[in-house]
Structures are given as structure tokens and as C-alpha cells.
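Architecture and fold: a report
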Amino acid sequence: MVDRAEQRRGRAEEADALLYLLLSKACDALGVPTEGVALVAVGGYGREELSPYSDLDVMLVHAEGYPRVDELAAQIWYPLWDSRTKLDHSVRTVDEARKAAADDIRVALGLLDARHVAGDSHLTLQLRSVLMADWRRTAKERLPALAQACKERASTVGELAHLAEPDLKEAYGGLRDAVVLRGLVASWLVDVPHPVVERARLDLLNIRDELHTVAGRSTDRLVADVAGEVAAGLGMTGGRDELLRHVYSTGRTLAHVCDVSWRRIESLMTRPPRSRRRQRTGGPLLLALDEGVGQHEGEVVLMPDARPERDAVLGLRAAAVAADRELVLSPAVCARLANRGLALPEPWPGEARRLLCALLGAGSGLLEVWEALDQAGYVSRILPEWDAVRFRPPQSAIHRFTVDRHLLETCVEAAKMVRDVRRPDLLLVSALLHDLGKAVEGDHSVTGAAIAATVARRLGFDEADADTITLLVRQHLMLAQVATRRDLDDPMTVELVAGIVRTTETLDLLEALTYADARAAGPAAASPWRMRLVGELCRRVRGELSGGGESMWTDAPPIPVPTLHQVVGVGRLGVTVSEHLGDLRVNVAVPDQVGTLSTVAAVLAVERLAVRSAVITSVEGLGISQWTVAGSPPDPVRLRDRLAVALRDPTDLVRRLAARDSSALKARVASRVDLLPDASETATVLQVRAHDRPGLLYDVTSAIASTGADIRSAHVSTLGAECVDAFYLTDSHGSPLDEEDARTTAKTVLDRLTF
């Protein structure tokens, strides 16, 4: 097997010997000493990483007052130019080199790899010493500019892991970033997994060597025309696809290390000194975020008492928290979860399914967290089907990403539309699964639907929801194909689509998935013309279904409310706690009056019980409610006592809730508050869609109470990280609110949610 690293070193040694000879001859010809002058290799030449057509990056360093230095340089450079050697050269004193490094961060990075070639080695040693000292001394001031330059380069060139024709050097995760990582390590501010980075860097260098050989010139872009020959030269029997998957995997590894390194440096540079942090916080540096999950030094970590080998949903909880807050999920935590985490039972419990949907709906925060979990092997544990699409190259020119990244980008786009569908959890899971069939021979919509059906049932969705996910995956291309290939004025076109989706709810989901899929694919797939046609088709189909579609809300509660004798305790105030199908159920009875529902919601929030669903109604002057919650099982006596105190005076409760809520993140998608005029004849129905957070239900119900409206019943659902709640409101006489009061109530709730 060819040792390409040895070949690169051989090319560098040949260049070294030539430069040594040229400097000796030039000094002899001009009668000047070799002391006080040195030839120094920098950049890739300094690292001995010369590909077949690489430039020689050489600096002639000289002491102040060294004689005839310009003539000396000319006698070295001209023979190289005459031999058609590609040369990047400079002539500087040590002070001039320091100034050049201070003025240009790319020059500074190149000089960090300075290596003595010929002449005065003491001068080279002096140069290296002062440049390294300058770099470490000024790193905190200079690294933000380097981070911004890397960001701009990634935005312009793209990510190595996702380009159809990747640039091995300039793309994010390429050879340029391997050099950046060397600079970060040299700053002493961060360390990296050196064996991982070195292996990835050498792989990219080997590929570039073969690319130069095949192309017959210096190039870093792996274009389709030569990719097959490059793969063959590297001994890859799988051809272009195998080569691209290897490039994508390597690029993703380097990009992930860069992401983690930059986030750690950002945290390091923005936090106050340790003594000031302790003085300011007055407490430990580990901040609890959720059960078993905390934050330390800008990373999401496990709390000291967390036991992933006992808590099967801990990994998903940590991931959802990190993605929602756009924090780094500690690589050590990812490895621990992958290696020691308790396997999820099949089907998944409801809390695991909710946390997965919360992770998928986190927007752009999903990408880095999923990547960290995937690098550690955790994704393979919870979704084995992912292995088949990981690093899979796009098969269509309209796709800008690999198949796995496209699925995640579709989730990011779908997260922007969670307010537009009744079941955001079904939308997000379908977005994750819709192209899994591309790893199987045949129509990927058909094969993918079969995979989606299996996965949906494993995740614990009931048969109806699993069938909906299967339909969405099977038909995820249908709207775009029909809209662009069929006559929208032909009634049979609309009838065809209506017959497939059957309900407006499914149509809403399929339309949102179509938009998300297209936008994730790229501009060609999401052209204004295509999206306009899809929108027009959906408008017509929605009109066709409007007479027979399912009503979004009905007066009937989705789950039975406990009877009065099951809940009421002393003084017409009662609390019971039970388990049902793996969930915690809290039943509450309180005197029915304006504002009591918000008090109950606040008590649950302060007790760190996350509401997953709730049904509230009135019976014989009491507010009877059943809450499905997540968290440690509460003591019902403690809950009842705290509720009794809060009903008399809620001041302390509100203060404690405000303290918890002060760290809540602003939702990435604006909350929606809608009046549904046709949902009930006996009440005004207010629908609220918002990102879940501690105290959300309290905010909504207290805002309603402040307007004087009475909540006759409420139907609260948390789907992933999204709340879809319906409140049936009446006035003091038990009648629907008049139009003006209804609008005022809706505006009051929306204002409360816009913080």
C-alpha cells in the first residue's frame, strides 16, 4: 500500500535540499555569511504536507542590517521560477514577521508552523519563539476575528460534509479548519481529541494527493468528473459514492470538533473570572436545568446523582434541554449515554416520545446536539435505521445536503411551522423519517413508508397516529408532483388529493411537510413557482374537505375527568396522585371561581411538575381537573397544603414562579392565540399554541382571569415541546363572550406570551 504521508515528507525533503543548495550558492556568490539569514518553510510546506502540485511557501528571514538581502533573495527565487516551481515567498526580519502576523490572522496561522530549512537555525528558533508567545498572549483578543472568518467562509463555501462537489480545503470541516484547530490548541485555551483530528486530517490529505494526481494540477475541489478515478486510485471499490461518504464522514468529524472547540472558547472568553463568578452567583457553578440534567461552563452535563444506566429517557432529556437552549451537549456525556445508557423499552414510554419531539422541534439547536449524539453512537441506539442514511450522498442535483443532514434540515424547517398544524409531533417525526427509504432499492416513498410504520409503532404512537405518519412519508412528494404536473382546474385533480388525505388535519400536516422538505432540499425545490402551486392546490383541496373534515375541537374532553368523590377531600379541596400506563396523574378539586385554575397551574410548576396534558371542567361548584405530568411523584398532602395556602394568598407562589421563569428562553416561533368561532355554540373557544416552558399554563390562565372571563373547561396538550391548548370561556352569566370581550381576552393572552 502507498504510504502517502511518507511521499509528502519526501517532497518536502527534496524541496529542503534544493533550498539549502540555493542559499549556500547565493551566499558564496555574494560573499555574505549564512549567519543572520535563514530560509523558513511555513504553512503546508512547514508541516511537510506537500501534495503533488502544492505551492512552496517560503520566508527568507534576516537580521537587521544584513547585507545585500534583496540580491540574495533574487538568487534563490529566480532558479525556482525558472524550474516552474510554484512559489509563495516573502523576505522579512523577525519584527516584520511579527507585524505581518499581527495584521493578518491567516499569516499568523501559517507562521505557527514555521520550520527551519537552511541557514541560521538560531534565527528560526527566535522567530518561532516570539511568534508563539505573541499568539498565546493575544489569543483571547484575536480568536473572535478568527471565529468570524471561519463562519463567513463556511457560509460562502459550505460544509464539507454536505457538498455535492466538496472543497477539501476551504469548506467547513476541511483542511483549513484542521489548521485552525492547530492554532486553537497552540493558544492553550482549548484541547482537542488529537488522534481523531489527526486521522481526519491525514485522510483528507491522502484524498487531495490523489485528486492532484488524477487532475494533473493543483485543485481542492472534488468534482464529479474525476471522483470515480480518485476513488479507484485510493483503492475504493464502491466508486464515487464510497469516496463521498468517506469525505462527508471525515468532514463532519472535523466540523464537530471545531463546533465544540469554538463553543468552549466562547464560553471561556465571556464568563467572568472564577472568583467573581462565585461572588456573583453566591453558589455552585453547576446549574440544574431539568431532572438529572445541568449546565456547567456553557455545556449541558449530567447532575452528580444522574444514573443513565437506570433512567432510559435521560439521554433524550439532556439532548432536548441542550437543543432548546442552544448549548453544547458535553462529548463526555454523549459517550456515557451511548456506552452505559439504559435501553428504551419498546414501545417507548410517552415521556421518551415527547422528549424526542422536543429535540426535533428545537430549530437550529437540533443540528449540533444530534451531531454530538451521532458521533458518540447514541443515535444508532435509539434509531438504528439512521445508520443506513448516514453520510449518504444526494442522488439529485436539487439536493444540497447528504440524506441524513437533509432529514435534520427538514426538521429545522418544520419547526418553523409547528403553530400551523394541530399535531406538531406527527409533523416533526415525519420530517425525520420521510427519506429513510433512500437507503433501500426501489421508490423511496414506498420503502420509506414501510420503515416509518415500524419506527412509529416502536416510538409508541397509537395505530391511528402511526398510520398518519406512514401516510405522510408515503405521500411526501405527492402535493408537489400533482401541483406541477396536473391541471388544478380539473375537479378530478382536487378529488384525487382529497381522497388520499381524507381530512383537513392530514392535509395541513402534508402541506407543512412538503414546504419543509422543499426548503431543506434547496432553492430549486423551493422555487416560488412550485410553492405557489402547492399552496393553490391545498387551498382547493381544503375547500373540498371543509364539509366533511373532522372538527378541530369539540366540547367533549379527550380523556375522562375524575368523578367528584374520587378527588374531594377536606374543605372541598382535594388532591390525589396515581400512575396510569406509565404516566403520573394528578387529580385536583378546588372551589370553582375565576383565577383558581391559574393557581393550580402555578403550584404544579413550582413543584417542578411539567404538564403534558390536562382536562378541566366544573362540577357542582367545584373545578375538577386531571393533569398528566412528568417529574418525581409528588406528595398529595404537600400539594394540597401548598394549594390551600396559595388560594388564600398567591403572592409567594407567584414570586417563586417568576424566579424560575426568569431564565426561560424566548420562543423561536411566535406564539399564536386564535378564536375559533365555529367550535362551540355555548362558549367562546380560545386556542393557544406556544413553546412549552415552566409556568406557561399559569401565564395563560392568569391572563384569562385578569379579563374576568371564566374558564368553563380546558383541554391542554403538550406535543413534543409544543403546547396546543383549547379554553372554553364564558362570561359571568355562563354565556359566550361578546365579540369585543373575546378579542380583548385573546390580545391579553398573546401579550402575556410575548416576552
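Predicted model, so just to flag it, every value in this text is computed and none were measured. (Residues numbered from 1 in each chain as written. Predicted model: local features only at pLDDT ≥ 70, side-chain atom pairs only at ≥ 80, totals over all residues. Heavy atoms only, no water.)

**What to know about the sheet that holds strand β4 (residues 115-119)**
- With respect to topology, 4 strands assemble into an open sheet ordered β3-β2-β1-β4, the strand pairing being mixed. The open sheet terminates on both sides in strands that have one partner only, identified here as β3 (87-92) and β4. Adjacent strand axes in the sheet meet at a mean angle of 25° when their direction is disregarded.
- Pairing analysis gives 4 bridges linking strand β1 (residues 37-41) to β4, with the strands arranged antiparallel. Within the sheet, the bridge partner assigned to Ala41 lies in β4 and is Arg115.
- Packing of helix α1 (residues 4-30) onto the sheet brings it into contact with β1, β2 (56-62) and β4, and relative to β4 it is tilted by some 35°.
- Across the face of the sheet, helix α4 (residues 94-103) comes into contact with β2 and β3 while running at roughly 120° to β3. (Pairing = 2+ DSSP bridges. Helix = DSSP H or I, 4+ residues; strand = E, 2+ residues; numbered from the N terminus. Axes fitted to C-alpha atoms, helices over the stretch in contact; angles between N-to-C directions. Contact = heavy atoms within 4.5 Å.)

**Some thoughts on the confidence of the model for the protein**
- Averaged over every residue, the pLDDT of the protein is 88; residues scoring 70 or more account for 92%.
- The low-confidence segment residues 277-283, where pLDDT is below 50, has 7 contacts with residues more than four positions distant or belonging to other chains.
- Here residues 548-559 is modelled with pLDDT under 50, and outside its nearest four sequence neighbours on either side it reaches 28 contacts, counting other chains as well. (pLDDT = per-residue confidence, 0-100.)

**Description of unusual backbone geometry**
- Glu346 connects to Pro347 through a cis peptide bond whose omega is -5°.
- Among the structural elements, Pro347 can be located in the loop between α13 (331-340) and α14 (350-360).
- Of note in the backbone geometry, Arg608 takes a positive phi value of approximately 60° without being a glycine.
- Note on placement: Arg608 falls in the loop between α26 (596-606) and β11 (610-619).
- By relative accessible area, Arg608 is classed as exposed at 53%. (Buried < 20%, exposed > 50% of the residue type's maximum accessible area, 1.4 Å probe, protein only.)

**Some remarks on the side chain of Asp374**
- Inspection of the secondary structure assignment puts Asp374 in helix α15 (residues 365-376).
- A polar side-chain atom of Asp374 sits 2.7 Å from a polar atom in the side chain of Arg390.
- Here Asp374 is in contact with Val379, Trp386 and Arg390, once residues within four sequence places are set aside. (Polar contact = N/O pair within 3.5 Å; in protein donor to acceptor, adjacent residues only side chain to side chain.)

**Description of α1**
- The terminal C-alpha atoms of α1 lie 39 Å apart, and with 27 residues this matches the ideal 39 Å at 1.5 Å per residue to within 8%.
- With a side-chain oxygen lying 3.3 Å from the backbone nitrogen of Ala5, the N-terminal cap of α1 falls on Asp3.
- In the stretch just after α1, Gly31 is the one whose phi turns positive, near 70°. (Expected span 1.5 Å × (residues − 1).)

**Describing the packing of aromatic side chains**
- Tallied over the full model, the rule gives 2 aromatic pairs.
- When the centroid spacing of 5.0 Å and the interplanar angle of 85° are considered together, the rings of Tyr78 and Trp81 count as edge-to-face. Taken together, the residues Tyr78 and Trp81, both in helix α3 (residues 69-82) and 3 residues apart, mark about one turn of the helix.
- Classification of Tyr78 by relative accessible area gives partly exposed; the value is 49%.
- Over the ring of Tyr45 we find Arg115; its NZ or CZ atom is 5.3 Å from the centre of that ring.
- Above the ring of Phe461, the side-chain terminus of Arg353 is found at 5.4 Å from the ring centroid. (Phe/Tyr/Trp six-rings, centres within 6.5 Å; stacked < 30°, edge-to-face > 60°. Lys NZ or Arg CZ within 6 Å of the ring centre and 35° of its normal.)

**Focus: the pairing of strand β15 (residues 710-719)**
- Buried residues dominate β15, accounting for 7 of its 10 residues.
- Here β11 pairs with β15 via 4 bridges, running antiparallel. Its bridge partner lying in β15, Ala614 is registered against Val716.
- Alignment of β15 against strand β16 (residues 722-730), held across 9 bridges, turns out to be antiparallel. For Thr718, the partnering residue across the bridge sits in β16 and is Cys723.
- Counted between consecutive antiparallel strands, the loop separating β15 from β16 contains 2 residues, among which Gly720 sits at a positive phi close to 70°.

**Things to note about the environment of Val58**
- Mapped onto the elements, Val58 comes out in strand β2.
- Residue classification places Val58 among the buried residues on the basis of a relative accessible area of 1%.
- For Val58, the contacting residues outside a window of four places in its chain are Leu19, Leu39, Val40, Tyr45, Trp77, Leu87, Asp88, His89 and Ser90.

**Structural notes on the pattern of salt bridges**
- Inspection of the entire model under this criterion finds 50 salt bridges.
- The partner of Asp134 in a salt bridge is Arg98, and the shortest N-O contact between them spans 2.7 Å. Residue Asp134 is located in helix α6 (residues 121-157), and its partner Arg98 is located in helix α4; the two are separated by 36 residues in the primary sequence.
- One salt bridge in this structure joins Arg182 and Asp113, with 2.8 Å as the shortest N-O distance. Note that Arg182 is positioned in helix α7 (residues 175-186) and Asp113 in the loop between α5 (105-111) and β4, a separation of 69 residues in sequence.
- Assessed through its relative accessible area of 37%, Arg182 is described here as partly exposed.
- For Asp113, a relative accessible area of 9% gives the class buried. (Salt bridge = Lys/Arg side-chain N within 4 Å of Asp/Glu carboxyl O.)

**Some thoughts on a negative patch on the surface**
- A cluster of acidic residues, Asp487, Asp490, Glu495 and Glu544, forms a negative patch on the protein surface.
- In this structure, Glu495 sits in helix α22 (residues 491-501). (Patch = residues over 30% accessible without salt bridge, like charges linked within 9 Å, V, L, I, M, F, W, Y side chains within 5 Å. Areas by Shrake-Rupley, 256 points an atom, 1.4 Å probe, with all protein chains shown as cover. Lys, Arg positive; Asp, Glu negative; His and termini not counted. Charge placed at Lys NZ, Arg CZ, Asp CG, Glu CD.)

**Observations regarding the sheet that holds strand β6 (residues 293-296)**
- On the basis of which strands lie adjacent, the open sheet formed by 4 strands has the order β5-β6-β7-β8 and mixed pairing. Strands with a single pairing partner mark the edges of an open sheet, and in this sheet they are β5 (287-290) and β8 (328-329).
- In this structure, β6 lies alongside strand β7 (residues 299-302), joined through 4 bridges in antiparallel fashion. Directly across from His296, in β7, lies its bridge partner Glu299.
- Along the sheet, helix α12 (residues 314-325) makes contact with β5, β6, β7 and β8, crossing β7 at roughly 160°.
- Docked against the sheet, α13 engages β7 and β8, running at close to 40° with respect to β7.

**A closer look at the state of the cysteines**
- Evaluation of the coordinates by the stated rule reveals 0 disulfides.
- Free cysteine: Cys411, not disulfide-bonded; nearest cysteine sulfur from Cys357 at 9.7 Å.
- Exposure remark for Cys411: the relative accessible area of 0% places this residue in the buried category.
- Here Cys538 stays unpaired: no disulfide links it, and the sulfur of Cys411, its closest cysteine neighbor, is 20 Å away.
- Overall, Cys538 belongs to the buried group, its relative accessible area being 0%. (Disulfide = S-S within 2.5 Å.)

**A few points about the pairing of β2**
- Burial runs high along β2: 6 of the 7 residues are buried.
- In the sheet, β1 pairs with β2 via 5 bridges, with the strands oriented antiparallel. Bridge pairing in β2 places Ala38 opposite Val61.
- Bridging between β2 and β3 involves 6 bridges; their strand directions are parallel. Within β3, the position partnered with Leu60 by the bridge is Val91.
- The parallel pair β2 and β3, bridged by α3, forms a crossover whose chirality is right-handed. (Right-handed = clockwise from strand over helix to strand, strands pointing away.)

**Let's talk about the nonpolar core**
- Judged by nonpolar contacts, the single largest core of 99 residues is most densely connected at Leu329 and Trp386.
- Broken down by element, the residue count for this core peaks at 9 residues, all from helix α23 (residues 504-521).
- Discounting residues that sit within four places of it in the chain, Leu329 has contacts with Val300, Ala318, Ala319, Ala322, Cys334, Val369, Ala372 and Leu373.
- Ranked by size, the runner-up nonpolar core spans 61 residues in total, among them Val179, Val192, Ala200 and Cys258. (Core = buried A, V, L, I, M, F, W, Y, C linked by side-chain atoms within 4.5 Å.)

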